[in-house]
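Fold and contact review
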Amino acid sequence: MQPWYGLINQYRDFLPVSGETPVITLNEGNTPLIRASRLNEVLDEEINLYFKYEGSNPSGSFKDRGMTLAISKAVEDGSRAVICASTGNTSASASAYSAKAGIGAIVLIPEGKIALGKLAQALIHGAMVLQVEGNFDDALRIVKELVERHPFALVNSLNPFRIEGQKTAAFEICDQLGAAPDYHVLPVGNAGNITAYWKGYREYRDAGRINSLPKMLGFQAAGAAPIVTGRPVERPETVATAIRIGNPASWKGALAARDESGGLIESVTDEEIINAYKLIASREGIFCEPASAATLAGVIKLSKRKFFSKGDTVVCTLTGNGLKDSDSALQLSGPPVKVRAEITAVEELLKGCCL
Ligand SMILES: *Cc1c(COP(=O)(O)O)cnc(C)c1O
C-alpha cells in the first residue's frame, strides 16, 4: 500500500501548486467509497449505488479538500489571516487548517441553526467566531466587503483554490471505481462542490484517465431551492443546515454542470431528507449529516419514476460526518429506554426485540 500524504501530494499535477507552495495538510482525502448493500428494497430499480464518505476527512467534511489548497496558497501569498462566512463546515475546516498553518482565522456564522459540533470545532481551533444577526447570505456579503478593505484571504468557495482542491474527490472516485460512474449525486448549497466535481471529471477525461463522464444530479432542500425555482430565496429554511442557502455563490457553475453533463437539479423535502438520513444510518452503517442525505433522498425520488437503467453506477457524495450535528440525530431518534439495573428487567425489555 502506498502511503498517503494528502491530496496536494497525490494530485499535484492537476493542481495550481509549485515547488514553492508550502503544503498545509492534515492528510485529507483518500476517503472510502462504500458500496450500498441494504438499500435495494427502498429503490425501485437495480442500480450499483455507492457512497463517497467525505465525513472521514480530518475535520469531518469535504471542505478539507478545498481548504488544504486555499490555506496553502494563502500562506504562499503571505496572508496572516483568513476569513469566511459559513453555515458551519467551512468555518470548522478553515479553523483547523489555519491552526495547522499558524495563521489567524475569522469566521462569520449566521444566526441560529448552526450544528453544535461545527461551532465547537471553530472555537477549539482558536478562530475568531462572530455570529451575525442575519442569515448566511448576509454573512457572506459582509465578508466580501471586508476583504476589499483588509488583507485577509477569503476562503469561501468563491476562492478558486477551494474548487481546485474539491475537484480531487472526482479523481478519487474514478481511481476507486476504475472508471467514471454513470451518475454523480450531490447536495447543492452554495454549489461549489457540484462545480468542482464536474471540473474534476472533465479534467480526468481530458487527461485520458477516464473515457466517459457522469451525468451530474444535484439536490437542494425544498425550502432552500433557488436553482430549482430560478430565483434567490429570501428566507431559506431546512433541517439540512449545510445547504440552507438562498443565493448560491456558484449558481452558474451548477447550471453548467447540470446542462453540460445532461443531468438535473431538483429539490427534496425535509421529510424525504430525514427519511434518507435514517436509512443511511440504519441500513448502511454510515452516520452522515442531514444535508448529505439529500443525495439518497433524490435517488429514491428518481428511482420511483424509473429514471435509472438496470446496472447503472450511481455515486452519492455523503458530504459531512453526522457527529457534527448529533442534536438532529437525537431529536429524530428519541431518548434511550430506561431500565432498572437488574438482569430480569433487561431481559423483559429485550423480549420485544432480540430474544
Ligand atoms: C458545504 C456543504 C454542503 C454544500 O456544498 P456546496 O458546495 O455549498 O454546494 C453540503 N453538505 C455539507 C455537509 C457541507 O458542509
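As a starting point, this report considers the structure included with it. (Residues numbered from 1 in each chain as written. Predicted model: local features only at pLDDT ≥ 70, side-chain atom pairs only at ≥ 80, totals over all residues. Heavy atoms only, no water.)

Describing helix H7 (residues 168-177)
The line we're drawing: Burial status follows relative accessibility: with a 1.4 Å probe on protein chains alone, a residue under 20% of its type maximum counts as buried, one over 50% as exposed, and anything between as partly exposed. Secondary structure elements are defined from DSSP: runs of H or I of at least 4 residues count as helices, runs of E of at least 2 residues count as strands, and each element is numbered from the N terminus.
Summarising burial for H7: seven of the 10 residues are buried, a large majority. The complete set of buried residues in H7 reads Thr 168, Ala 169, Ala 170, Phe 171, Glu 172, Ile 173 and Cys 174. At the C-terminal side of H7, Gly 178 shows a positive phi close to 80 degrees.

Some thoughts on the packing of aromatic side chains
Basically, it comes down to this: Side-chain rings of Phe, Tyr and Trp (the six-membered ring for Trp) are treated as a pair once their centres are within 6.5 Å; stacked means planes under 30 degrees apart, edge-to-face means over 60, and tilted covers the remaining angles.
Counting across every chain of the model gives nine aromatic pairs. On the numbers, 5.4 Å between centres and 55 degrees between planes, the contact of Tyr 183 with Phe 307 is tilted. Here Phe 307 lies in the loop between helix H12 (290-304) and strand E10 (313-318) and Tyr 183 lies in strand E7 (residues 183-187), a separation of 124 residues in the sequence. Its relative accessible area of 11% is what places Tyr 183 among the buried residues. Among the aromatic residues, ring-to-ring pairing joins Tyr 11, Phe 14, Phe 171 and Tyr 204 into one connected group.

Some points on the pattern of salt bridges
What counts here: One side-chain nitrogen of Lys or Arg within 4 Å of one carboxyl oxygen of Asp or Glu is enough to make a salt bridge.
Considering all chains together, one arrives at 18 salt bridges under this definition. Where Glu 203 meets Lys 167, a salt bridge forms, and the shortest distance between an N and an O atom there is 2.7 Å. Of this pair, Glu 203 sits in helix H8 (residues 192-206) while Lys 167 sits in the loop between helix H6 (160-166) and H7, and the two are 36 residues apart along the sequence. Given a relative accessible area of 1%, Lys 167 falls into the buried group. Among the ionic pairs, Glu 342 bridges to Arg 340, the shortest N-O distance being 3.5 Å. A residue is classified by how much of its surface remains accessible, and Glu 342, at 40% relative accessible area, is partly exposed. Of the residues examined, Arg 340 reaches a relative accessible area of 55% and is grouped as exposed. Among the ionic contacts, a cluster of salt bridges with common partners joins Lys 52, Glu 54, Arg 65 and Glu 172.

Section: the packing of helix H11 (residues 270-284) against H12
What counts, and what does not: Helix axes are fitted only over the stretch in contact, all axes being lines through C-alpha atoms; the angle between N-to-C directions runs from 0 to 180 degrees. For this classification, under 35 degrees means roughly parallel, over 145 means roughly antiparallel, 65 to 115 means roughly perpendicular, and everything else is oblique. Note on definitions: a residue-residue contact is assigned when non-hydrogen atoms from the two residues lie within 4.5 Å. Here the term charged refers only to Asp, Glu, Lys and Arg, the term nonpolar to Ala, Val, Leu, Ile, Met, Phe, Trp, Tyr, Cys and Pro, and the term polar to all other amino acids, Gly among them.
Here H11 crosses H12 at 100 degrees, and the two axes come no closer than 7 Å. It follows from the interaxial angle that H11 and H12 lie roughly perpendicular. Along its contact with H11, which presents Glu 272, Ile 273, Ala 276, Tyr 277, Leu 279 and Ile 280, the element H12 presents Pro 290, Ala 293, Ala 294, Leu 296, Ala 297, Ile 300 and Lys 301. Across the contact of H11 with H12, the residue classes tally to 11 nonpolar, no polar and two charged.

A closer look at unusual backbone geometry
Look at Asn 27: it is not a glycine, yet its phi comes out positive at around 60 degrees. Along the chain, Asn 27 turns up in the loop between helix H1 (7-10) and strand E1 (33-35). With a phi angle near 75 degrees, Ala 191 is a residue other than glycine that sits in the positive phi range. Relative to the assigned elements, Ala 191 resides in the loop between E7 and H8. Overall, the relative accessible area of 5% leaves Ala 191 in the buried class.

Quick look at empty space enclosed by the protein
Operational definition: Note on definitions: the grid is 1 Å and covers protein atoms alone; a cavity is a set of points where a 1.4 Å probe fits but cannot get out; a pocket is an open set with protein on both sides within 12 Å along at least five of seven lines; lining residues have an atom within 4 Å of a point. Grid points are joined across faces, edges and corners, and a volume is the space filled by probe spheres set on the points.
Within the structure shown, the criterion is met by two cavities of 30 Å³ or more. Taken as a whole, the largest cavity encloses approximately 330 Å³ of empty space. In terms of lining, the largest cavity is formed by 29 residues, of which the most central are Phe 62, Lys 63, Gly 189, Asn 190 and Ala 242. A total of three residues in the lining of the largest cavity trace back to one element, the largest contributor, which is H8. By residue class, the composition of the lining of the largest cavity is 12 nonpolar, 14 polar and three charged.

Observations concerning the site of the ligand
Selection criterion: The criterion for a residue being near a molecule or strand is simple. One of its heavy atoms has to lie within 4 Å of it. Computed with the Shrake-Rupley method and a 1.4 Å probe, the accessible areas treat only the protein chains shown as cover for residues.
Taken together, 16 residues sit near the ligand, with Lys 63, Asn 89, Asn 190, Ala 191 and Thr 319 positioned nearest. Summarising the interface, the protein chains cover 96% of the accessible area of the ligand, which totals 380 Å² for the free molecule. Here the shell around the ligand is composed, by residue class, of seven nonpolar, seven polar and two charged.

A few points about the sheet that holds strand E8 (residues 215-221)
Stated precisely, the cut-off is as follows: Two strands qualify as a pair provided DSSP detects at least 2 bridges between them.
On the basis of which strands lie adjacent, the open sheet formed by six strands has the order E1-E2-E10-E7-E8-E9 and mixed pairing. Both edges of this open sheet fall to E1 and strand E9 (264-268), since each of them pairs with a single strand only. Taken over all neighbouring pairs, the strand axes of this sheet differ in orientation by 25 degrees on average, direction set aside. Pairing of E7 with E8 involves five bridges; the strand directions are parallel. Within E8, the position partnered with Tyr 183 by the bridge is Lys 215. Sheet strands touched by H7: E1, strand E2 (48-53), E7 and E10. Its angle to E2, the strand with the most contacts, is close to 135 degrees.

Brief notes about the layout of surface pockets
It is the rolling of a water-molecule-sized probe over the atoms that shows where space remains empty. Taken as a whole, the largest pocket encloses approximately 290 Å³ of empty space. Together, 14 residues line the largest pocket, and Thr 241, Asp 325, Asp 327, Ser 328 and Gln 331 are the ones closest to its centre. At the level of secondary structure, the elements contributing two or more residues to the lining of the largest pocket comprise helix H4 (116-124) and helix H13 (326-333). Considered class by class, the residues forming the lining of the largest pocket number eight nonpolar, three polar and three charged. Every residue along the wall of the second largest pocket is listed here: Arg 35, Ala 36, Ser 37, Leu 39, Asn 40, Leu 43, Glu 45, Glu 46, Ile 47, Asn 48, Leu 49 and Gly 311. Looking at the lining of the second largest pocket residue by residue, the class counts come to five nonpolar, four polar and three charged.

Remember, this is a structural readout, not a statement about activity or role.
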